[in-house]
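Below, each chain spelled out in residue letters.
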Protein chains: 2
Amino acid sequence: MDLAIQLEQEMSLKVQTVNQFVEKYLSDMELPQGAAIAELRKSMLYSATNGGKRFRPVLSVLVAEMLGSSAEKVLPFATAVEMIHTYSLIHDDLPCMDNDDMRRGKPTNHKVFGEDFALLAGDALLTEAFLIIAKNYSENGFVVGRLVQLLSEAAGIRGMVGGQAIDLRAGEKQLSQAELTHLHLLKTGALIRVAVEGAAVIAGAKVHEIEALKKFGEGLGLAFQVADDVLDHGEKDQDVRSFTGIIGLEATKTYLNQISKNTMDELHKVSADAAMLEYLVSFNISRKH
Amino acid sequence: MDLAIQLEQEMSLKVQTVNQFVEKYLSDMELPQGAAIAELRKSMLYSATNGGKRFRPVLSVLVAEMLGSSAEKVLPFATAVEMIHTYSLIHDDLPCMDNDDMRRGKPTNHKVFGEDFALLAGDALLTEAFLIIAKNYSENGFVVGRLVQLLSEAAGIRGMVGGQAIDLRAGEKQLSQAELTHLHLLKTGALIRVAVEGAAVIAGAKVHEIEALKKFGEGLGLAFQVADDVLDHGEKDQDVRSFTGIIGLEATKTYLNQISKNTMDELHKVSADAAMLEYLVSFNISRKH
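Residues take numbers from 1 onward in each chain, read along the sequence in its written order. Lettering for chains starts from A, numbering for ligands starts from 1, and both go in the order in which the items are written. It should be noted that, the model being predicted, local features are given only for residues of pLDDT at least 70 and side-chain atom pairs only at 80 or more, the latter also being counted only at that level, while totals for whole chains, interfaces and linings use all residues. As a rule here, side-chain values come from all non-hydrogen atoms in the structure, and water together with hydrogens is ignored.

1. Brief notes about the overall build of chain A
Step number 1: Numbering of helices and strands runs from the N terminus; a helix is a DSSP stretch of H or I covering at least four residues, while a strand is a stretch of E covering at least two. Counting its regular elements, chain A contains 13 helices and two strands.
Step number 2: For chain A, the C-alpha radius of gyration of 19 Å lies close to 19 Å, the compact-globule estimate for 289 residues.
Step number 3: A principal-axis box enclosing the C-alpha atoms of chain A has dimensions of 60 × 45 × 40 Å.
Step number 4: Relative to its 289 residues, chain A shows a buried fraction of 59%.
Step number 5: The Shrake-Rupley method, run with a 1.4 Å probe, gives the accessible areas here. Residue values count only the displayed protein chains as cover. Looking at chain A as shown, the accessible area adds up to about 11700 Å², and 50% of this sits on carbon and sulfur atoms.
Step number 6: All tallies of charge rest on Lys and Arg as positive and Asp and Glu as negative; His and the ends of each chain are not included. Taken as the charge centre is NZ of Lys, CZ of Arg, CG of Asp or CD of Glu, depending on the residue. On chain A, the mean spot of the 29 positive side-chain charges and the mean spot of the 39 negative ones are 2 Å from each other. Only C-alpha atoms enter the radius of gyration; for comparison, a globular chain is expected to reach 2.2 Å times N to the power 0.38, where N is the number of residues. Only protein chains enter the accessibility calculation, which uses a 1.4 Å probe; a residue is then buried when its area is under 20% of its type maximum, exposed when over 50%, and partly exposed in between.

Below you can see the structure in the form of structure tokens.
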């Protein structure tokens, strides 16, 4: 069988594993009685099982496996990261933010459950992310403290939320390449990076390995954003918030290749045998959608 | 000097200590550069230093001191609880929730910073609550895991957010005394309880002491809600969401005395020398505003 096809099949098995874990966790949460709380759970599940790519949690699983750990060990943390990603999408879609009616071909959370429950579902998912970590990693005091610190730094004002603030206030202003890179590193990069870094911590990686993987995660996240801009070129070439709009298509492609190469270099500092993760990087450069 | 006056002065010193700690923490956070992130910090500070009673963090300090620990040790956790309380008020005030323009005599967060930044400030405060815990209690692996677990349970769908969901969906429906009690125990009781319970964990209290203090905190939180209803009697006697509206003034007073007595009993299981906390309970029964 062709290697690319084999890797793709493996990848889709990982996505299934993540899907099952996330759905089971949210369905099995022991909650206080009552119709309102049952409805709030439904709202959380609606967005958390909405057919996403599961890019972050799959990344956690791949990193853990590369380091000799297992999907089982890393799945609670991977689910925490995915819950934070999901909450950010719910809040982003609200009328006071992007005001989106549809996401992945389905009505957005607030269109189905109302703005009030969408707000609460986001708040609850963010909070639950820390609970799943405390419940699953408290046997090792170093690990639990480290995971909570890394995730809260990546998700809050120092990371994702900070990036959203920058994005909102940038408005229609022309950004420089450096400013746009900074925006992406915070808004989406931090959470992708922490999916990698947290998995490395759980797997017991050494400090220099964690450092390299952190750079790998950050680079991979940025590469995805840059590749998106290349793909959307034509739609976005006038867009002040896209690399193609700022530096043009050819320079953006060069930038993407450079980031991807650096990313691969960081990965190889840790392992020579990282087929699945290499596949992710090279797939990204050549993807068509 | 009169004992009540002395206790009141001591209480106001605790409030000052908390105020200084909260303001310093949020002012000193090391954040990425940029005007948007500076503005988001300002929005967080605006609501977190808005002249609140600091009931929850002061409670943490009093419990820690009663158990022979110190304000210093418990203040980071107390601040985490207060940040969660603050975030819940910001989100509650949003147009899609209670749509309030004023809080404590000042414009609400979204009236000053816009709905988008109010939403993000709430998200950032909730996330920061877990960061301050990870940064300050990770030396003791048991403590950090326990605090994150207790706080996320109290703040999320199992606690405060769950209570908000019940409150929203109850609408104008007549609740029973038991249903209203359940609502308060989740919506406000859980966070007050965890302010006490977390402080006990930090102070190294024994399991049976933590258990008694947990009931004390839960009872105290409920007693405050019931006392509010007694105070607002007249305005609220037709209110389907108040104890006086459901069971009448006299039965509500009896209920308040009963909860307060049980609360005091739990406190005395742990310490015979708890003047400040006793003062809180008895002050509540007789307060005039």
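Past the structure itself, the notes keep going.
2. Digging into helix 13 (residues 275-286) of chain A
Residue and element names in this part refer to chain A.
Step number 1: Helices are assigned an expected span. That span is 1.5 Å times one less than the residue count. Here helix 13 spans 16 Å end to end across twelve residues, near enough to the 16 Å set by a 1.5 Å rise per residue.
Step number 2: Taken residue by residue, helix 13 has Met-276, Leu-277, Tyr-279, Leu-280, Val-281 and Asn-284 as its buried positions.
Step number 3: Where helix 13 is buried, its residues contact helix 1 (3-28), helix 3 (55-66), helix 10 (207-231) and helix 12 (249-270). A contact between two residues is defined here by any heavy atoms of the two lying within 4.5 Å.

3. Description of the interface of chain B and chain A
Step number 1: With 53 residues of chain B at the interface, the matching set in chain A holds 53 residues.
Step number 2: Overall, the association of chain B and chain A removes approximately 4400 Å² of surface from exposure, summing both partners, and the carbon and sulfur fraction of that is 71%.
Step number 3: Joining two parts hides part of their accessible area as seen by a 1.4 Å probe, and the buried area is that hidden amount summed over both. Three residues stand out in chain B for area buried against chain A, namely Ile157(B), Arg158(B) and Arg169(B), and they jointly supply 17% of the buried area on that side.
Step number 4: Salt bridges are counted wherever a side-chain nitrogen of Lys or Arg sits within 4 Å of a carboxyl oxygen of Asp or Glu. Applying the counting rule to chain B against chain A returns six salt bridges.
Step number 5: Here Glu128(A) makes a salt bridge to Arg158(B), at a shortest N to O gap of 2.7 Å.
Step number 6: Within the residue set of the side of chain B that touches chain A, elements represented by two or more residues are helix 2 (35-48), helix 4 (71-93), helix 6 (115-137), helix 7 (141-155), helix 8 (160-170) and helix 9 (177-202) of chain B.
Step number 7: At 14 residues, helix 6 of chain B tops the list of elements feeding residues into the side of chain B that touches chain A.
Step number 8: Residues are grouped as follows: Ala, Val, Leu, Ile, Met, Phe, Trp, Tyr, Cys and Pro are nonpolar; Asp, Glu, Lys and Arg are charged; every other residue, Gly included, is polar. Class assignment for the residues of the side of chain B that touches chain A results in 30 nonpolar, twelve polar and eleven charged.

4. Side note on the relation of the copies chain B and chain A
Step number 1: The two copies are related by a screw motion: chain B maps onto chain A through a turn of 180° and a shift of 0.0 Å along the axis, at an RMSD of 0.0 Å. Taken together, the rotation and translation relating the two chain copies correspond to the operation of a two-fold axis. Measuring from the rotation axis to each C-alpha of chain B, the shortest distance belongs to Gly141(B), at 1.6 Å. Least-squares superposition of the copies uses the C-alpha atoms of those residues scoring a pLDDT of at least 70 in each of them.

5. What to know about the packing of aromatic side chains
Step number 1: Any two rings among Phe, Tyr and Trp, with Trp reduced to its six-membered ring, count as a pair given centres within 6.5 Å; such a pair is stacked if its planes are under 30 degrees apart, edge-to-face if over 60, and tilted if neither. The tally for this structure, following the rule as stated, stands at nine aromatic pairs over all chains.
Step number 2: Two conditions define a charge sitting above a ring: the NZ of Lys or the CZ of Arg must be within 6 Å of the ring centre, and it must be within 35 degrees of the ring normal. The side chain of Arg169(A) reaches across the aromatic face of Phe117(B), ending 3.7 Å from its centre.

6. Considering helix 3 (residues 55-66) of chain B
For an α-helix the count is 3.6 residues per turn, leaving residues at separations of three or four pointing the same way.
Residue and element names in this part refer to chain B.
Step number 1: Taking 1.5 Å per residue as the helical rise, helix 3 with its twelve residues ought to reach 16 Å, and the 16 Å between its terminal C-alpha atoms agrees with that figure.
Step number 2: Burial within helix 3 is extensive, with eleven of its twelve residues counted as buried.
Step number 3: Taken as a whole, helix 3 has its buried residues at Phe-55, Arg-56, Pro-57, Val-58, Leu-59, Ser-60, Val-61, Leu-62, Val-63, Ala-64 and Met-66.
Step number 4: In this fold, the buried residues of helix 3 make contact with helix 1 (3-28), helix 4, helix 9, helix 10 (207-231), helix 12 (249-270) and helix 13 (275-286).

7. Considering the side chain of Thr86(A)
Step number 1: Relative to the helices and strands, Thr86(A) is located in helix 4 (residues 71-93).
Step number 2: Sequence-distant contacts of Thr86(A), defined by excluding residues within four places in its chain, comprise Ser47(A), Ala48(A) and Leu125(A).

8. Thoughts on the packing of helix 4 of chain B against helix 9 of chain B
Residue and element names in this part refer to chain B.
Step number 1: Only the stretch in contact is used when a helix axis is fitted, and all axes are lines through C-alpha atoms; the angle between N-to-C directions ranges over 0 to 180 degrees. Closest axis-to-axis distance for the helix 4/helix 9 pair is 10 Å, and the angle between their directions is 165°. It follows that helix 4 is roughly antiparallel to helix 9 by the angle criterion. Seen along the crossing, helix 4 lies across helix 9 with a hand that is right-handed. Seen from helix 4, the contacting residues are Lys-73, Val-74, Phe-77, Val-81, Ile-84 and His-85; seen from helix 9, they are Leu-191, Val-194, Ala-195, Gly-198, Ala-199 and Ile-202. Throughout this description, any angle smaller than 35 degrees is read as roughly parallel, any larger than 145 degrees as roughly antiparallel, any in the 65 to 115 degree range as roughly perpendicular, and the remainder as oblique. Left-handed describes a crossing whose near helix is turned anticlockwise from the far helix by less than a right angle; the clockwise case is right-handed.

9. Structural notes on the state of the cysteines
Step number 1: Cysteine sulfur atoms that pair up within 2.5 Å are treated as a disulfide. Counting across every chain of the model gives zero disulfides over all chains.
Step number 2: Free cysteine Cys96(A): the closest other cysteine sulfur is in Cys96(B), separated by 6.7 Å.

10. Remarks on the pattern of salt bridges
Two side chains with opposite charge may pair up if their charged atoms get near one another.
Step number 1: Evaluated as defined, the whole model comprises 28 salt bridges over all chains.
Step number 2: Members of the salt-bridge network, linked through shared partners, are Glu39(A), Asp116(A) and Arg169(B).

11. Thoughts on unusual backbone geometry
Residue and element names in this part refer to chain A.
Step number 1: We note that Asn-99 has phi near 55°; this positive angle belongs to a residue other than glycine.
Step number 2: Tracing the sequence through the fold places Asn-99 in the loop between helix 4 and strand 1 (102-103).
Step number 3: According to the relative accessible area criterion, Asn-99 is partly exposed, its value standing at 44%.

12. Here we look at the packing of helix 9 of chain B against helix 10 of chain B
All names here are of chain B.
Step number 1: Across the interface, helix 9 lies against helix 10 with an axial gap of 7 Å and an inter-helix angle of 135°. Comparing their axes, helix 10 and helix 9 come out oblique. Like other packed secondary-structure pairs, helix 9 and helix 10 cross with a definite hand, here right-handed. For the pair helix 9 and helix 10, the contacting residues are Leu-180, Thr-181, His-184, Leu-185, Thr-188, Ile-192, Arg-193, Val-196, Glu-197, Ala-200 and Val-201 in the first and Ile-210, Leu-213, Lys-214, Phe-216, Gly-217, Glu-218, Gly-221, Leu-222, Gln-225 and Asp-229 in the second.
Step number 2: Its residues assigned to classes, the contact of helix 9 with helix 10 shows ten nonpolar, six polar and five charged.

13. Here's the deal with the environment of Glu278(B)
All names here are of chain B.
Step number 1: Looking at the element boundaries, Glu-278 is found in helix 13.
Step number 2: Separated by 200 residues in the primary sequence, Glu-278 and Ala-78 have C-alpha atoms spaced 20 Å apart.
Step number 3: For Glu-278, the contacting residues outside a window of four places in its chain are Met-264, Leu-267, His-268 and Ala-272.

14. What to know about the environment of Asp28(B)
Residue and element names in this part refer to chain B.
Step number 1: Along the chain, Asp-28 falls in helix 1.
Step number 2: Here the alpha-carbon distance between Asp-28 and Phe-142, two residues 114 residues apart in the chain, equals 28 Å.
Step number 3: Polar contact is the term for a pair of N or O atoms within 3.5 Å; when the atoms are in protein, one must be able to donate a hydrogen and the other to accept it, and sequence-neighboring residues count only if both atoms are side-chain atoms. Engagement of the side chain of Asp-28 in a polar contact is seen with the side chain of Lys-24, the distance being 2.6 Å.

15. Some details on the confidence of the model for chain A
Step number 1: On a scale of 0 to 100, pLDDT captures the predictor's confidence in every residue. Per-residue confidence for chain A gives a mean pLDDT of 94, with 99% of residues at or over 70.
Step number 2: With a pTM of 0.97, the predicted complex shows an ipTM of 0.97.

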